[in-house]
Amino acid sequence: MRRLGLGGWVGLSLVLAFVLIAIAAPWLYPGDPQDRVGRALIWPFEDPALPFGTDRLGRDLAAGIAHGTRVSLLVGFAAAAAAITIGVVVGSLAGYLGGLIDDALMRLTDTVQTIPGFVLALALVAVLGAGVGTVILAIAVSSWTGTARIVRAEVSSWRERDLVLACRAMGMGHGEILFRQILPNIAAPVIVLASVVVAVAILVESALSFLGFGDPSLISWGAMVAEGRGLLRRAWYVAAVPGAAIVVVVVAISLAGDALTRALDPRRG
Amino acid sequence: MPEPLLRLQGVKKSYPSPAGPVQAVRGVDLTLEAGERLALVGESGCGKSSLARLILRLADVDAGEIWFEGVNIIQMSDRALRPFRPRLQMVFQDPVAALNPRRTVFQAIEDPLRVHQRPDRAATVARLLAEVGLEAGLGQRYPHELSGGQKQRVGLARALALDPALLIADEPVSALDVSVRAQVINLLGAACRNRGLSLLFIGHDLAVVRHLADRIAVMHLGEIVELAPRARFWTGAAHPYAQALLAAVPATTPAEAAAKTPFVLQGDLPSAVAPPAGCSFHTRCPHAEPRCRTIPPPIVQLAADHWARCHLLTPGAGTPSLGSGGPAP
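Everything quoted here is computed from the prediction, not taken from an experiment.

A word on the pairing of strand 9 (residues 215–220) of chain B
Residue and element names in this part refer to chain B.
Consideration 1: Of all six residues that make up strand 9, six are buried, and the element is covered over most of its length.
Consideration 2: The alternating pattern of strand 9 places Arg215, Ala217 and Met219 on one face and Ile216, Val218 and His220 on the opposite face, and all of these are buried.
Consideration 3: Both strand 3 (residues 37–41) and strand 9 contribute to a ladder of four bridges, which runs parallel. Among the inter-strand pairings, Ala39 is bridged to a residue of strand 9, identified as Ile216.

Put into structure tokens, the structure is as follows:
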């Protein structure tokens, strides 16, 4: 087994745990997590059946966290997948083809990059209406630029190597050179970036929900934090429990991304 | 006279640079017969590697013709060129840069076979590994697990995979430890002999090409300045630049050392952006005369198969001590 390191194991285990919770949420906490289960503001560990306690309306925070995991992970992974795909396509075309196409694609990247991502997300949600799809789209169109830049730089440096000349001399097509020979070599920085984009997407989704721009029909960690905001003095745990969930999942994804980079490099491990 | 395997005619190539176009190749004429081994020598920056890339159509010429197996490959599209690709293969200088760190030795050697849809690839790869002296078990290794010499053997096996007619080796041992250079050179020579392969060996070290080449071409600043069979070159190199390169080869016997004339080049290779007028070597030539600074030197035939590009070999104000003298142009 290749070395993942302690951080890698912790990160991967936590990500796996969150994924399992997200899948199992409907069985663990059947019914609507927004339903009242007991009296309001039961503190955590007061009632063994309600480990994270209840909020102002008597809703089970643990059920909210479990169901909120579904939204956070769905948005995080879907947005990151879309952003990475756009970034890899734009970056490889620019880096491999060079010339005018490179200039055009990179100016487009510059333009998108100058728009603050969160403001763009807010604007898109305001125009298209709140919904998970809109949030994913908004995060994807604002966070592919970093990937595009890194992929372009890596591809154009690989393009200059003798490896590409050797492939061309043997008559290999451009598509195969790019996809089979070059891109596997730049998987490592892209995986790191992907983990960052997933983490950022989860944060942006939380922030949008916190501000009330999330999907109103789904429970979300950001909305739960917003819920607890008014109770910070009386019952700080109402905001702290979903807040901690956000922190833990983001740190776990970063650790896992870091470890995967190391594990996927054949020159190490 | 039958068409040679490879014939270059007036090949020119320049690359843009901030200072102006770099004239990498300035009109090269060269032929290579089937089964012949030709060494192209010259110092770094003289255009040898550029010429190799032009022959492989990895870059396009500005002017001139490149005939391979009777076809001018200059005008061919990438698609039309594809069937010719297997006939012309190359070994690169730095095997680290020429191999994919994420593909195993087996995959690297199989790549050309796969691209051209050859059958029995596993058996062919096994045969190639044996031919270049690598154990079959190395097939599953990655390049970073191999030594420099082993990596270059993989590079050679990959170039031989498609059974080429012409192999271009661009400084194939310069990046290797001195201790393994001879092995790779011998392997290259053996592969050429056994397969009846033509070789264009590009190098800067005459000591390396000494036992490998049938003919030697000396390149200086984008031009071939002397072309001679090996034995003739070793004893009767006519161009002062070729003599300087020869003088830089360490003597192997006391008799050789005694016969050697000390001759060290002064200064660097002139800029290829603004090559010197007249003879491109006049800035460093110890025998330069006034006409060398203004008039481009003629190509002088010294024997049936021996040419040099130098004023001093023609009757005139020159010093006739340099060469045997040739017919006046």
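Structure's up, so let's keep going.
Side note on the nonpolar core
Consideration 1: Grouped together as the largest cluster of nonpolar side chains are 111 residues, with contacts concentrated most on Leu167, Phe201, Leu206, Ile216, Val218 and Phe233 of chain B.
Consideration 2: Per element, the largest residue contribution to this core is 11 residues, and it comes from helix 11 (residues 237–264) of chain A.
Consideration 3: Structurally, this core is a two-domain feature, drawing no fewer than three residues from each of domain 1 (6–213) and domain 2 (240–313) of chain B.
Consideration 4: When residues no more than four places from it in sequence are discounted, the contact partners of Val218 of chain B are Val41, Glu223, Ile224, Val225, Glu226, Phe233, Tyr241, Ala242 and Leu245 of chain B.
Consideration 5: Listed in part, the 43 residues of the second largest apolar core include Leu38, Ile55, Val61 and Phe68 of chain B.

Some remarks on helix 1 (residues 48–55) of chain B
Consideration 1: Burial within helix 1 of chain B is extensive, with six of its eight residues counted as buried.
Consideration 2: Of the residues flanking the end of helix 1 of chain B, it is Arg57 of chain B, one or two places downstream, whose phi is positive at about 60°.

A short note on the domain arrangement of chain B
All names here are of chain B.
Consideration 1: Segmentation of chain B into domains returns domain 1 (6–213) and domain 2 (240–313).
Consideration 2: On a C-alpha basis, the centres of domain 1 and domain 2 stand 28 Å from each other.
Consideration 3: On the side of domain 2, 13 residues touch domain 1, which itself brings 17 residues to the contact.
Consideration 4: Linking domain 1 to domain 2 there are one salt bridge.
Consideration 5: A salt bridge links Glu43 to Arg284; its shortest N-O distance comes to 2.6 Å.

Re the sheet that holds strand 4 (residues 63–68) of chain B
Residues and elements named next belong to chain B.
Consideration 1: Taken in spatial order, the four strands line up as 2-1-4-5 in an open sheet, and their pairing is antiparallel. In this open sheet, the two edge strands, each paired with only one partner strand, are strand 2 (22–32) and strand 5 (71–72).
Consideration 2: In the packing of helix 1 onto the sheet, the strands contacted are strand 1 (6–15), strand 2 and strand 4, and the crossing angle to strand 1 comes to about 115°.

Side note on the sheet that holds strand 11 (residues 299–303) of chain B
Residue and element names in this part refer to chain B.
Consideration 1: Across the sheet, which stays open at both edges, the eight strands sit in the order 6-7-8-3-9-10-12-11 with mixed pairing between neighbours. Two strands close off the open sheet at either side, each with one partner strand: strand 6 (88–91) and strand 11. Strand after strand, the sheet turns through a mean of 20° between neighbouring axes, direction not considered.
Consideration 2: Relative to strand 12 (residues 306–309), strand 10 (residues 223–229) runs antiparallel, the two being bridged by two bridges. From the neighbouring strand, Glu226 faces strand 12, where its bridge partner is Ala308.
Consideration 3: Packing of helix 1 onto the sheet brings it into contact with strand 3, strand 6, strand 7 (166–170), strand 8 (198–203) and strand 9, and relative to strand 8 it is tilted by some 150°.
Consideration 4: Along the sheet face, helix 7 (residues 178–195) touches strand 3, strand 7 and strand 8 and points at about 155° away from the line of strand 8.

Notes on the confidence of the model for chain B
Consideration 1: This prediction gives chain B a mean pLDDT of 87; 94% of its residues lie at or above 70.
Consideration 2: For this predicted complex, the interface confidence comes out at an ipTM of 0.85, alongside a pTM of 0.82.

Observations regarding the pairing of strand 11 of chain B
Residues and elements named next belong to chain B.
Consideration 1: Where strand 11 meets strand 12, four bridges bridge the pair, whose relative direction is antiparallel. Of the residues in strand 12, the one forming a bridge with Val300 is Ala308.
Consideration 2: Counted between consecutive antiparallel strands, the loop separating strand 11 from strand 12 contains two residues.

Regarding the interface of chain A and chain B
Many authors give the size of an interface as the accessible area that is lost as the parts come together.
Consideration 1: Listed by partner, the interface residues are 21 residues for chain A and 25 residues for chain B.
Consideration 2: Contact between chain A and chain B buries roughly 2100 Å² in total, counting both sides, with carbon and sulfur atoms accounting for 54%.
Consideration 3: Inspection of the chain A/chain B interface yields two salt bridges.
Consideration 4: On the surface where chain A and chain B come into contact, there are 12 residue pairs in polar contact (both at pLDDT 80 or more).
Consideration 5: Of all elements in the fold, only helix 7 (162–169) and helix 8 (174–182) of chain A reach the threshold of two or more residues within the side of chain A that touches chain B.
Consideration 6: Partitioning the side of chain A that touches chain B into residue classes produces 10 nonpolar, four polar and seven charged.

Topic: unusual backbone geometry
Consideration 1: Phi is positive for Glu69 of chain B, which is not a glycine, with a value near 50°.
Consideration 2: What makes Glu69 of chain B partly exposed here is its relative accessible area of 32%.

A short note on the pattern of salt bridges
Consideration 1: This model, assessed by the stated rule, comprises 27 salt bridges over all chains.
Consideration 2: Among the salt bridges present, the one from Asp55 of chain A reaches Arg59 of chain A, with a minimum N-O distance of 3.0 Å.
Consideration 3: You can call Asp55 of chain A buried: its relative accessible area is 5%.
Consideration 4: Among the salt bridges present, the one from Arg37 of chain B reaches Asp214 of chain B, with a minimum N-O distance of 3.6 Å. In this pair, Arg37 of chain B sits in strand 3 while Asp214 of chain B sits in the loop between helix 8 (206–209) and strand 9, placing the two residues 177 residues apart along the sequence.
Consideration 5: The class of Arg37 of chain B is buried, set by a relative accessible area of 16%.
Consideration 6: Within the structure, one salt-bridge network assembled from shared partners comprises Glu176 and Arg180 of chain A together with Arg103, Asp111 and Arg114 of chain B.

Re the state of the cysteines
Residues and elements named next belong to chain B.
Consideration 1: Applying the stated criterion to the full structure yields zero disulfides over all chains.
Consideration 2: Here Cys292 stays unpaired: no disulfide links it, and the sulfur of Cys279, its closest cysteine neighbor, is 6.0 Å away.
Consideration 3: Note on Cys292: relative accessible area 6%, which makes it buried.

Here's the deal with the packing of helix 2 (residues 61–97) of chain A against helix 9 (residues 187–210) of chain A
Residue and element names in this part refer to chain A.
Consideration 1: In contact at an axis separation of 8 Å, helix 2 and helix 9 are set at 135° when each is read in the N-to-C sense. Taken together, helix 2 and helix 9 sit at an angle that is classed as oblique. Taken as a pair, helix 2 and helix 9 cross one another with a handedness that is right-handed. The residues of helix 9 that touch helix 2, namely those facing Val71, Ser72, Leu73, Val75, Gly76, Phe77, Ala79, Ala80, Ala83, Ile84 and Val88, are Val190, Leu193, Ala194, Val197, Val198, Ala201, Ile202 and Glu205.

Conventions and cut-offs
Residues numbered from 1 in each chain as written. Chains lettered and ligands numbered in written order. Predicted model: local features only at pLDDT ≥ 70, side-chain atom pairs only at ≥ 80, totals over all residues. Heavy atoms only, no water. Buried < 20%, exposed > 50% of the residue type's maximum accessible area, 1.4 Å probe, protein only. Helix = DSSP H or I, 4+ residues; strand = E, 2+ residues; numbered from the N terminus. Pairing = 2+ DSSP bridges. Core = buried A, V, L, I, M, F, W, Y, C linked by side-chain atoms within 4.5 Å. Domains from an automatic or database assignment. Contact = heavy atoms within 4.5 Å. Salt bridge = Lys/Arg side-chain N within 4 Å of Asp/Glu carboxyl O. Axes fitted to C-alpha atoms, helices over the stretch in contact; angles between N-to-C directions. pLDDT = per-residue confidence, 0-100. Buried area = accessible area lost by both parts, 1.4 Å probe. Polar contact = N/O pair within 3.5 Å; in protein donor to acceptor, adjacent residues only side chain to side chain. Nonpolar A, V, L, I, M, F, W, Y, C, P; charged D, E, K, R; others polar. Disulfide = S-S within 2.5 Å. Parallel < 35°, antiparallel > 145°, perpendicular 65-115°, else oblique. Left-handed = near helix turned anticlockwise from the far one by under 90°.

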